[in-house]
Amino acid sequence: MGPSDDDTASPNPDLRGLRCPECGETYRDRWRCRCGSPLDFADPPTPEGPAPDPDSFDARGGLWAFDDFLAVGDDPRDRVTLGEGMTPLVDADEGRESGGNAETDRPPWNASFKLEYVFPTGSFKDRGATATLTRARELGVERVVEDSSGNAGAAIATYAARAGIDAEIYVPVDVKESKLRAIRRAGAEPVRIEGSRGDVTDACVAALGEGDDAVGDDADAGVADDGDRAWYASHAWNPAFFEGTATVAYEIAYQRGWEAPDAVVTPLGHGTLFLGAYRGFRRLERAGWTDSVPRLYGAQAAGVAPIVRALHGPEAAAPDGTVNEAADGIQIAEPVRDREIRAAIDATGGDALAVTEATATRELDRLHAAGFYTEATCAVAPAALRTLRERGEVGPDEDVVVPLTGSGLKG
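A brief report on the enclosed structure follows. Since we're looking at a predicted model, the values are computed, not measured. (Residues numbered from 1 in each chain as written. Predicted model: local features only at pLDDT ≥ 70, side-chain atom pairs only at ≥ 80, totals over all residues. Heavy atoms only, no water.)

Side note on the sheet that holds strand 6 (residues 143-147)
Next, step 1: Taking strand neighbours across the sheet as the criterion, the four strands line up as 8-7-6-9 in an open arrangement whose pairing is parallel. Edge strands, defined here as strands with exactly one partner in the open sheet, are strand 8 (189-193) and strand 9 (231-232).
Next, step 2: In this sheet, strand 7 (residues 166-172) lies alongside strand 6 in parallel orientation, the contact comprising five bridges. For aspartate 147, the partnering residue across the bridge sits in strand 7 and is tyrosine 170. (Pairing = 2+ DSSP bridges. Helix = DSSP H or I, 4+ residues; strand = E, 2+ residues; numbered from the N terminus.)

What follows is the structure, encoded as structure tokens:
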């Protein structure tokens, strides 16, 4: 079960195929269905038997310790890894005054923080990158492209370098220099695009070398005979990415003795971590390793909060009439998996709420003062938890986990 990437295995003819959740069409590999829907793995594995004893479970493989749940990396030689995963789960208030101090600006969180910012590239996106580049290696891919506001691009570039695969990362023209530097230093080619975040995606898709209708080929796994075409390592479209982010649920459950928390609160843009957590906790419940799926809450950037708008209207989506510019990592106006996000909220009894820049900035200061050196986008999740407790949607005695998703060193 231990990961290895010392040897490059040949493309695997028996790798798992993909299925469209909308029309049911199946493919060997393709970045989206002919009907336009994102694809999922047709037969993601579920382990048989009871959950292992947490005290004897071998977690040295990081997130790959949960390979029985993963639809990629069946052959350990295909795994593209930097030892990622098994990030700390800590008491957010440990070492502070009991109950906090209501008269200061440091009220307690009464939650556990999952420190996702300690990953190799400084963000949770490494979960998806290790699985996505593993899938690319299984397919024999030689060149990948990705579009990103920064963190996903840095993760894909880094893991592509680890795999020996060429990468081009399409980014907004105003991407933070620290994230651009990480992409370049990994040997990937950053391509800066003027316009909206959607324009960046459109430019990346155009670079695939395919027409609007020819969005991949299940016969050749998206790689042309001449090698000119690229494979779309998208954190929003590629199902392998969500296989990786689902491991956050497996780790949380393991670290809690196979007991799911009452609620999980995450930042919410394209929903890569949010949906990963949902898929992971559902699989754990289906396998009989946990007894429940937590309520899932998504924190969006005020002013760019399409899920909040759909659920609660425009005023809730922009409560102060401005855009939360600080939370640039989740400013996604049209999430690819919008319907799945809303379905997950409905299925778990969760919700989505918009966080203003002023609220997020205040929360970021609290995080830093408590020793959690995160980037600004991270702060929307603990800020949202405060609002949820104030509203009574999350009780004072409920167990809550909040992933802190990116390092302050990226600022």
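Some remarks on the environment of aspartate 346
Next, step 1: By secondary structure assignment, the location of aspartate 346 is in helix 10 (residues 338-348).
Next, step 2: In the structure, aspartate 346 is positioned 57 residues away from tryptophan 289 in sequence and 23 Å away in space, judged by C-alpha atoms.

Brief notes about the packing of aromatic side chains
Next, step 1: Scanning all chains against the criterion turns up 14 aromatic pairs.
Next, step 2: With a centroid separation of 5.1 Å and 50° between ring planes, the pair formed by phenylalanine 57 and tyrosine 254 is classed as tilted. Within this pair, whereas phenylalanine 57 is found in the loop between strand 3 (40-41) and strand 4 (89-91), its partner tyrosine 254 is found in helix 6 (residues 247-255), the two being separated by 197 residues in sequence.
Next, step 3: Under the relative-accessibility criterion, tyrosine 254 is labelled buried at 17%.
Next, step 4: Taking the centre distance of 6.2 Å and the plane angle of 80° together, the rings of tryptophan 109 and phenylalanine 372 count as edge-to-face. With tryptophan 109 in the loop between strand 4 and strand 5 (112-115) and phenylalanine 372 in the loop between helix 11 (357-369) and helix 12 (380-391), the pair connects residues that are 263 residues apart, well separated along the chain. Of the two residues, tryptophan 109 and phenylalanine 372, both sit in the buried class.
Next, step 5: Through successive ring pairs, a cluster of aromatic residues spans Phe57, Phe66, Phe69, Tyr250, Tyr254, Trp258 and Trp289.
Next, step 6: Arginine 337 extends its terminal NZ or CZ atom over the ring of phenylalanine 242, reaching a point 4.5 Å from the ring centre. (Phe/Tyr/Trp six-rings, centres within 6.5 Å; stacked < 30°, edge-to-face > 60°. Buried < 20%, exposed > 50% of the residue type's maximum accessible area, 1.4 Å probe, protein only. Lys NZ or Arg CZ within 6 Å of the ring centre and 35° of its normal.)

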